[in-house]
Amino acid sequence: MKDNHSTASQDLLFEGLIEGLLTQEVGHQTHFFSENLVKGLREQLWRHYKAGEMHAAGIGNKFVHQKNADVRGDLIKWIENDSEVEVEKLFLEVLKAFVDYLNRTCYTGINDFEFHYAIYDVGSFYQPHIDQFKSDSGRKYSFVLYLNEDWKEEDGGLFVAYLDEMKIEIIPEGGTVCFFASDQIRHEVKLAHRKRMSIAGWLKKV
């Protein structure tokens, strides 16, 4: 993966995510991305959704893949790593800068990533799970960006991470991100009471 050095202001945001991961196992930051970029990505997701280009997500990797609405109810569309869509390019540039920062400061060896749009319809959820597959250990860190506008706690759809002696709940407000180890953190998406939008993905070592 090509180096993409971050700016000083980005470094502070990156440090905040890393510090959260080290101290409480889940890093999260509000206003991690600009309002304009979040708005543009939300509009791009809506275009895919209205065009019928988003499809039911499955359980397991490409070798062991099944659909099960009793476990998860989101629709997804993958983002190409070489996308020429301007808002996706800007999003991916920040991710590349974050990967570069992780590799320089934490020696993580991340050399790939994969991301997709996700939308949960009213009444959808994702039961507690861990992101890394038994048959594929490439996923090292999970990273989620929320795209929702004016999200309230009563709208449901909370991200909940289950730690040894506590749990962390995050309201999926637009611009908020969360970051955690893919093979360690059991987490879920609570029942959504309105359409819930995000970009989710994994930083990988392949």
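Below is a short write-up of the structure. (Residues numbered from 1 in each chain as written. Predicted model: local features only at pLDDT ≥ 70, side-chain atom pairs only at ≥ 80, totals over all residues. Heavy atoms only, no water.)

Observations regarding the overall build of the chain
Phase 1 of the analysis: When you go through the chain residue by residue, the secondary structure sums to 3 helices and 11 strands.
Phase 2 of the analysis: Listing each helix as α and each strand as β along the chain from the N terminus yields α-β-α-β-β-α-β-β-β-β-β-β-β-β.
Phase 3 of the analysis: Considering the chain as a whole, with its 206 residues, one finds that 49% of them fall into the buried category.
Phase 4 of the analysis: In the chain, 80% of the contacts between residues at least 6 apart in sequence involve partners at least 24 apart. (Helix = DSSP H or I, 4+ residues; strand = E, 2+ residues; numbered from the N terminus. Buried < 20%, exposed > 50% of the residue type's maximum accessible area, 1.4 Å probe, protein only. Contact = heavy atoms within 4.5 Å.)

Observations concerning helix α2 (residues 35-50)
Phase 1 of the analysis: The end-to-end C-alpha distance of α2, which contains 16 residues, comes to 22 Å, matching closely the 22 Å that a straight helix rising 1.5 Å per residue would cover.
Phase 2 of the analysis: Among the residues making up α2, those that are buried are Leu37, Val38, Gly40, Leu41, Arg42, Gln44, Leu45 and His48.
Phase 3 of the analysis: Of the surrounding elements, those touching the buried residues of α2 are β3 (74-79), α3 (86-106), β4 (112-120), β6 (139-146) and β11 (196-204).
Phase 4 of the analysis: Positive backbone phi, at 75 degrees, marks Gly52, one or two positions downstream of α2. (Expected span 1.5 Å × (residues − 1).)

Some points on the layout of surface pockets
Phase 1 of the analysis: The volume enclosed by the second largest pocket comes to roughly 160 Å³.
Phase 2 of the analysis: The wall of the second largest pocket is formed by 13 residues, among which Glu35, Val38, Glu173, Gly174 and Gly175 lie closest to the centre.
Phase 3 of the analysis: Looking at side-chain class alone, the lining of the second largest pocket contains 2 nonpolar, 5 polar and 6 charged residues. (1 Å grid on protein atoms, 1.4 Å probe; cavity = no way out; pocket = protein on both sides within 12 Å on 5 of 7 lines; lining within 4 Å. Points joined across faces, edges and corners; volume = space filled by probe spheres on them. Nonpolar A, V, L, I, M, F, W, Y, C, P; charged D, E, K, R; others polar.)

Concerning the nonpolar core
Phase 1 of the analysis: Within the largest apolar cluster, 36 residues are counted, with the highest numbers of intra-cluster contacts made by Phe33, Phe143 and Leu203.
Phase 2 of the analysis: Elements with a minimum of two residues in this core: α1 (8-24), α2, α3, β4, β6, β9 (177-181) and β11.
Phase 3 of the analysis: By size, the runner-up hydrophobic cluster in this structure holds 12 residues, among which are Tyr146, Ala161, Leu163 and Ile185. (Core = buried A, V, L, I, M, F, W, Y, C linked by side-chain atoms within 4.5 Å.)

Some remarks on the packing of aromatic side chains
Phase 1 of the analysis: Scanning the model with the defined rule gives 15 aromatic pairs in all.
Phase 2 of the analysis: Seen in terms of ring centroids, Phe32 and Phe143 are 6.0 Å apart; in terms of plane orientation they differ by 70 degrees. Their pairing is edge-to-face. Of this pair, Phe32 sits in the loop between β1 (26-29) and α2 while Phe143 sits in strand β6; the two residues are 111 residues apart in sequence, bridging distant segments of the chain. Here Phe32 matches Phe143 in class, with each residue buried.
Phase 3 of the analysis: With a centroid separation of 6.3 Å and 45 degrees between ring planes, the pair formed by Trp78 and Trp202 is classed as tilted. In this pair, Trp78 sits in strand β3 while Trp202 sits in strand β11, placing the two residues 124 residues apart along the sequence.
Phase 4 of the analysis: Among the aromatic residues, those joined into a cluster by ring pairs are Phe14, Phe32, Phe33, Phe91, Phe98, Tyr101, Phe113, Phe115, Tyr141, Phe143 and Phe179.
Phase 5 of the analysis: Above the plane of the ring of Trp202 lies Arg139, whose end atom (NZ or CZ) is 3.4 Å from the centre.
Phase 6 of the analysis: Above the ring of Tyr162, the side-chain terminus of Arg186 is found at 5.6 Å from the ring centroid. (Phe/Tyr/Trp six-rings, centres within 6.5 Å; stacked < 30°, edge-to-face > 60°. Lys NZ or Arg CZ within 6 Å of the ring centre and 35° of its normal.)

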